[in-house]
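Residue-level structure breakdown
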Amino acid sequence: MSNSLISQPMFALVDVNNFYVSCERAFNPNLINRPVVVLSNNDGCSVAHSHEVRILGVKIGTPWFKLKDLARQHHIIALSSNYTLYSDMSDRVMTILRGFSPHVEVYSIDECFLGLQGLDKLWLTPTNMGQSIRQRIRQWTSLPVCVGFGITKTLAKLANHIAKKQPEFNGVCDLASIPSAQLEALLSAIEVGAVWGVGRHLSQHLNAFGISTVKALRDTPPSWLRTKFGVVMERLGYELRGVSCLALEEVSVPRKQIISSRSFGQLVYSLPELSEAVASYMSSAAEKLRRQNSICNVIQVFIQTNPFREQDKRYSNSMTVPLPNASSDTRLLIRAALFGLKCIYRQGYAYKKAGVILSCIDSAAKQQEPLFELYGAGGRSAKLMCVLDQINQRYGRDTLSVFSTSKRKSWSMHRGKVSPCYTTNWNDVPIAYAY
């Protein structure tokens, strides 16, 4: 097959290697080549780890307290998750990628699809383009990436997997440029679970039918896959055969549900402390709602104790609260959430988690102007929320807030090993000294 991008539609999948760990290493070179684990909220479980930790057999989601002995033995460095840093570094990577193609689909915080239509005159081969992408991102952000090219999104995702696992590809794999015999051998050696959308559970069912490799799945008739597993698997079969069924989603679809919840840093007993937490989570959810220019009609609030503390009484409950009118106004949403919280709160319990859910979400552009001014709706509400968001965006989260909170927030997330916010806080900007 020709290497030229003009021969047929082509996709690229760019993925940052060990994203959370790589972000930490970008600003702390002492972490390079050392075993590093990034922990979840409240430093609970491993959500990311370096290659040095992976080869020790540590799995994602392992509780940190179970790793303490292994950490002492192998000098594993544990860090609290710094989502502010990770989000900003992700934005920088995606901005760089938009300089390579106008057709971009941000798939996740560390992955991005590129559509390469019309770019055939810019690069000699896709591999040249991939190496240029790797070099620029490494130079501008210090983050390592791998790039996979394929004539479908599924093949691009598979190519990226190969680029990561096979060192001889030097971080870039173009499936269209691999000779047929070599490609067949390569696909025969890759387990079917590595295919995008298959995963462990589905791979077990495929294995039961003798489909254990990528080649076997590709060679299985798509009609049979549809009969046994449904239309999604049929599309996957076509994608592996080079028939594009999944288009590039350049415009992100507004979410139909927004959830904001978190476990507390320590157990919470009183209603005022729960109210502070719920109000904080609702403020965050409302900001996300406005960011996608939406309004919601219904909110839900929930609380629960720790199900793993056998010495405590257990209790969990939730309440759905319909809004008097669709809104994205933080004031109205918090008022509704606190009403629901008061209804479900029970004294004498040690609460571990709370959260809010926004549902029945519609576009704000479809909302009709009310005949009479409604609380949390209309032009005055929209202008007030716009000013609130602008101030908090410029001067930092919670510079202005709707619900006042105490200075001592016992419910706040515990992050005892968090790194500085190097790129978003002036006080945390690294200082280079000249001697």
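In the block above lies the structure referred to throughout.
Residues numbered from 1 in each chain as written. Predicted model: local features only at pLDDT ≥ 70, side-chain atom pairs only at ≥ 80, totals over all residues. Heavy atoms only, no water.

Points about the pairing of strand S1 (residues 11-16)
Extensive coverage of S1 is indicated by the burial of six of its six residues. The side-chain alternation of S1 yields two buried faces, one formed by Phe11, Leu13 and Asp15 and the other by Ala12, Val14 and Val16. Pairing geometry for S1 and strand S7 (residues 145-150), over six bridges, is antiparallel. Paired with Ala12 across the bridge in S7 is Phe149. Sheet topology places S1 next to strand S6 (residues 111-115); five bridges connect them, and they run antiparallel. The partner of Phe11 across the bridge, within S6, is Gly115. (Buried < 20%, exposed > 50% of the residue type's maximum accessible area, 1.4 Å probe, protein only. Helix = DSSP H or I, 4+ residues; strand = E, 2+ residues; numbered from the N terminus. Pairing = 2+ DSSP bridges.)

Let's talk about the layout of surface pockets
Over the atoms, a rolled probe matching the size of one water molecule traces out where space is still vacant. In this structure, the largest pocket encloses a volume near 2300 Å³. Residue lining of the largest pocket: 50 residues in total, with Thr84, Ser284, Glu287, Arg291 and Arg397 positioned closest to the centre. Elements represented by at least two residues in the lining of the largest pocket include exactly helix H4 (83-97), strand S9 (258-268), helix H12 (271-291), helix H13 (330-344) and helix H14 (379-395). Residues of the lining of the largest pocket, tallied by class, amount to 16 nonpolar, 19 polar and 15 charged. By volume, the second largest pocket amounts to about 850 Å³. (1 Å grid on protein atoms, 1.4 Å probe; cavity = no way out; pocket = protein on both sides within 12 Å on 5 of 7 lines; lining within 4 Å. Points joined across faces, edges and corners; volume = space filled by probe spheres on them. Nonpolar A, V, L, I, M, F, W, Y, C, P; charged D, E, K, R; others polar.)

Points about the packing of aromatic side chains
The final tally for this structure, using the stated rule, is 17 aromatic pairs. Taking the centre distance of 5.8 Å and the plane angle of 75° together, the rings of Tyr107 and Phe113 count as edge-to-face. Arranged with centres 5.1 Å apart and planes meeting at 85°, the rings of Phe209 and Trp224 form a pair that is edge-to-face. Taken together, the residues Phe209 in the loop between helix H8 (199-208) and helix H9 (214-219) and Trp224 in helix H10 (residues 222-229) connect sequence positions 15 residues apart. Overall, the relative accessible area of 45% leaves Phe209 in the partly exposed class. Ring pairs connect the aromatic residues Phe19, Tyr20, Tyr83 and Tyr86, which therefore count as one cluster. Over the ring of Trp140 we find Arg136, and its NZ or CZ is 5.5 Å from the ring centre. (Phe/Tyr/Trp six-rings, centres within 6.5 Å; stacked < 30°, edge-to-face > 60°. Lys NZ or Arg CZ within 6 Å of the ring centre and 35° of its normal.)

A few points about the side chain of Arg25
By secondary structure assignment, the location of Arg25 is in helix H1 (residues 19-27). On the basis of relative accessibility, which here comes to 17%, the residue Arg25 falls in the buried class. Sequence-distant contacts of Arg25, defined by excluding residues within four places in its chain, comprise Leu31, Ile32, Asn33, Arg34, Val36, Ser50 and Glu52. (Contact = heavy atoms within 4.5 Å.)

Looking at the packing of helix H6 (residues 153-165) against helix H11 (residues 231-240)
Packed helices, taken two at a time, are described by the angle their axes make and the gap between the axes. Axis separation between H6 and H11 bottoms out at 7 Å; the angle between their running directions is 70°. Judged by the angle between their axes, H6 and H11 are roughly perpendicular. For the pair H6 and H11, the sense of crossing is right-handed. Between H6 and H11, the contacting residues are Lys153, Thr154, Leu155 and Leu158 on the first element and Leu236, Glu239 and Leu240 on the second. Classifying every residue of the contact of H6 with H11 gives four nonpolar, one polar and two charged. (Axes fitted to C-alpha atoms, helices over the stretch in contact; angles between N-to-C directions. Parallel < 35°, antiparallel > 145°, perpendicular 65-115°, else oblique. Left-handed = near helix turned anticlockwise from the far one by under 90°.)

Describing the nonpolar core
Among the nonpolar cores identified, the biggest contains 63 residues, and Leu97, Leu114, Ile133, Ile137, Leu175 and Leu217 are the most heavily contacted of them. It is H4 that contributes the most residues to this core, seven residues altogether. In this view, Leu217 contacts Val192, Val195, Val198, Leu206, Ile211, Leu225, Met233 and Leu240; residues no more than four positions away in its chain are not counted. With 33 residues, the next largest nonpolar core counts Ala285, Val301, Val356 and Ile361 among its residues. (Core = buried A, V, L, I, M, F, W, Y, C linked by side-chain atoms within 4.5 Å.)

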